[in-house]
Amino acid sequence: QVHLVESGGGLVQAGGSLRLSCVASGRISSIDAMDWYRQAPGKQRELVAATKSSGLSTNYADSVKGRFTISRDNAKNAVYLQMNSLKPEDTAVYYCYVRARPKNGLYEYDYWGQGTQVTVSS
């Protein structure tokens, strides 16, 4: 089956940067969406950045526009989130989301990474 592995989280000071990575592995036929979500304490999970398989379409939450950049490496089945000018309000668990069709599968399914903690200190 499809498995997502996230990495790159950590603790940084305000104004710092982090680069998150998510790699999909397994018996994958195709991948459509590769997105990043986050969930802060006491808050609902929200979409941070999204891509489509073409790599030409991206979407960002208003709160991160101009600071975060999402990118994909389709050859590696990977998606990245470059986070610059981090703010304390960016503190959250970040989750990779992938919509993919497994080999021998007829439909696309939703897959979630394990989450990686990002903490921004003031």
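Scroll up for the structure.
What you see is a predicted model, and the numbers here were worked out from it, not measured in a lab. (Residues numbered from 1 in each chain as written. Predicted model: local features only at pLDDT ≥ 70, side-chain atom pairs only at ≥ 80, totals over all residues. Heavy atoms only, no water.)

Tallying secondary structure elements over the protein gives zero helices and eleven strands in all. Against the compact-globule benchmark of 14 Å for 122 residues, the protein has a radius of gyration of 14 Å, which places it among compact chains. Residue pairs at least 24 apart in sequence account for 56% of intrachain contacts in the protein once pairs closer than 6 positions are excluded. Carbon and sulfur atoms provide 47% of the accessible area of the protein, an area that totals close to 6,500 Å². Positive and negative side-chain charges of the protein, numbering 14 and 10 respectively, have mean locations separated by a distance of 4 Å. (Helix = DSSP H or I, 4+ residues; strand = E, 2+ residues; numbered from the N terminus. Rg over C-alpha atoms; globule rule 2.2 N^0.38 Å. Contact = heavy atoms within 4.5 Å. Areas by Shrake-Rupley, 256 points an atom, 1.4 Å probe, with all protein chains shown as cover. Lys, Arg positive; Asp, Glu negative; His and termini not counted. Charge placed at Lys NZ, Arg CZ, Asp CG, Glu CD.)

Attention now goes to the state of the cysteines. Tallying each qualifying case throughout the model produces one disulfide. Across the disulfide from Cys22 sits Cys96; the S-S distance is 2.1 Å. Torsion about the S-S bond of the Cys22 and Cys96 cystine: about -80°, corresponding to left-handed handedness. A residue pair is termed long-range when its members are at least 10 positions apart, and Cys22 in strand S3 (residues 18-25) and Cys96 in strand S9 (residues 92-102) qualify at 74 residues. Residues Cys22 and Cys96 agree in their burial class; the two are buried. (Disulfide = S-S within 2.5 Å. Buried < 20%, exposed > 50% of the residue type's maximum accessible area, 1.4 Å probe, protein only.)

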